[in-house]
Amino acid sequence: GSYDFGTAVVMGSIGQSHQEGAPNQTSLVLGAVAPVQGGLSLRAGYGRNTDTHDDKLSVGPQYALSKRTQLYADLYHERGSAKTNGVAMGMQHSF
């Protein structure tokens, strides 16, 4: 779910996966998007697998091309069996 505070939209979710022959896994995700100026927003997120203790932190800009289409670029840091830093870029469209 999400909640709009006016200055930022905060969102979160909890998910569980159940696969035959594998242990169940639970994941938690928290995120926020805050408008900066015009179509530009700043977004941040944190996710954690509570069973494997892997986690990921990301932050980056998002630019609205239209009401339903955004461009984004995130810097992220992952901790798990190995530590990883990276960049994720893309386009998101909501139907």
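Computed from a predicted model, the values in this text were never measured in an experiment.

Observations concerning the confidence of the model for the protein
Taken over all residues, the pLDDT of the protein has a mean of 94, while the share at 70 or more is 100%. Within the protein, no element has a lower average pLDDT than strand E1 (residues 2-4), which sits at 94, and none a higher one than strand E5 (residues 55-64), at 97.

Here we look at the packing of aromatic side chains
All chains considered together, the criterion is met by one aromatic pair. With a centroid separation of 4.7 Å and 70° between ring planes, the pair formed by tyrosine 3 and phenylalanine 5 is classed as edge-to-face. Taken as a pair, tyrosine 3 and phenylalanine 5 share a single burial class, namely exposed. In this arrangement the basic side chain of arginine 43 is found over the ring face of tyrosine 72, its NZ or CZ atom lying 4.4 Å from the centre. The ring of tyrosine 76 has lysine 56 lying over it, and the distance from NZ or CZ to the ring centre is 4.4 Å.

Thoughts on the pattern of salt bridges
Going through the model one piece at a time under the given rule, you end up with three salt bridges. Across the salt bridge formed by arginine 48 and aspartate 55, the nearest N and O atoms sit 3.7 Å from each other. The salt bridge involving aspartate 55 is made with arginine 79; its shortest N-O contact spans 2.7 Å. With aspartate 55 in strand E5 and arginine 79 in strand E6 (residues 69-79), the pair connects residues that are 24 residues apart, well separated along the chain. By relative accessible area, arginine 79 is classed as partly exposed at 42%.

Examining a nonpolar patch on the surface
Residues Val36, Leu40, Leu42, Val59, Tyr63, Leu65, Leu71, Leu75, Val87, Met89 and Met91 make up a contiguous nonpolar surface patch of about 1100 Å² in total accessible area. Listed by contribution, the elements that provide at least two residues to the nonpolar patch are strand E4 (40-49), E5, E6 and strand E7 (84-93). A per-element tally of the nonpolar patch places E7 first, with three residues. Here leucine 71 shows up in strand E6.

Calculation criteria
Residues numbered from 1 in each chain as written. Predicted model: local features only at pLDDT ≥ 70, side-chain atom pairs only at ≥ 80, totals over all residues. Heavy atoms only, no water. pLDDT = per-residue confidence, 0-100. Helix = DSSP H or I, 4+ residues; strand = E, 2+ residues; numbered from the N terminus. Phe/Tyr/Trp six-rings, centres within 6.5 Å; stacked < 30°, edge-to-face > 60°. Buried < 20%, exposed > 50% of the residue type's maximum accessible area, 1.4 Å probe, protein only. Lys NZ or Arg CZ within 6 Å of the ring centre and 35° of its normal. Salt bridge = Lys/Arg side-chain N within 4 Å of Asp/Glu carboxyl O. Patch = residues over 30% accessible without salt bridge, like charges linked within 9 Å, V, L, I, M, F, W, Y side chains within 5 Å. Areas by Shrake-Rupley, 256 points an atom, 1.4 Å probe, with all protein chains shown as cover.

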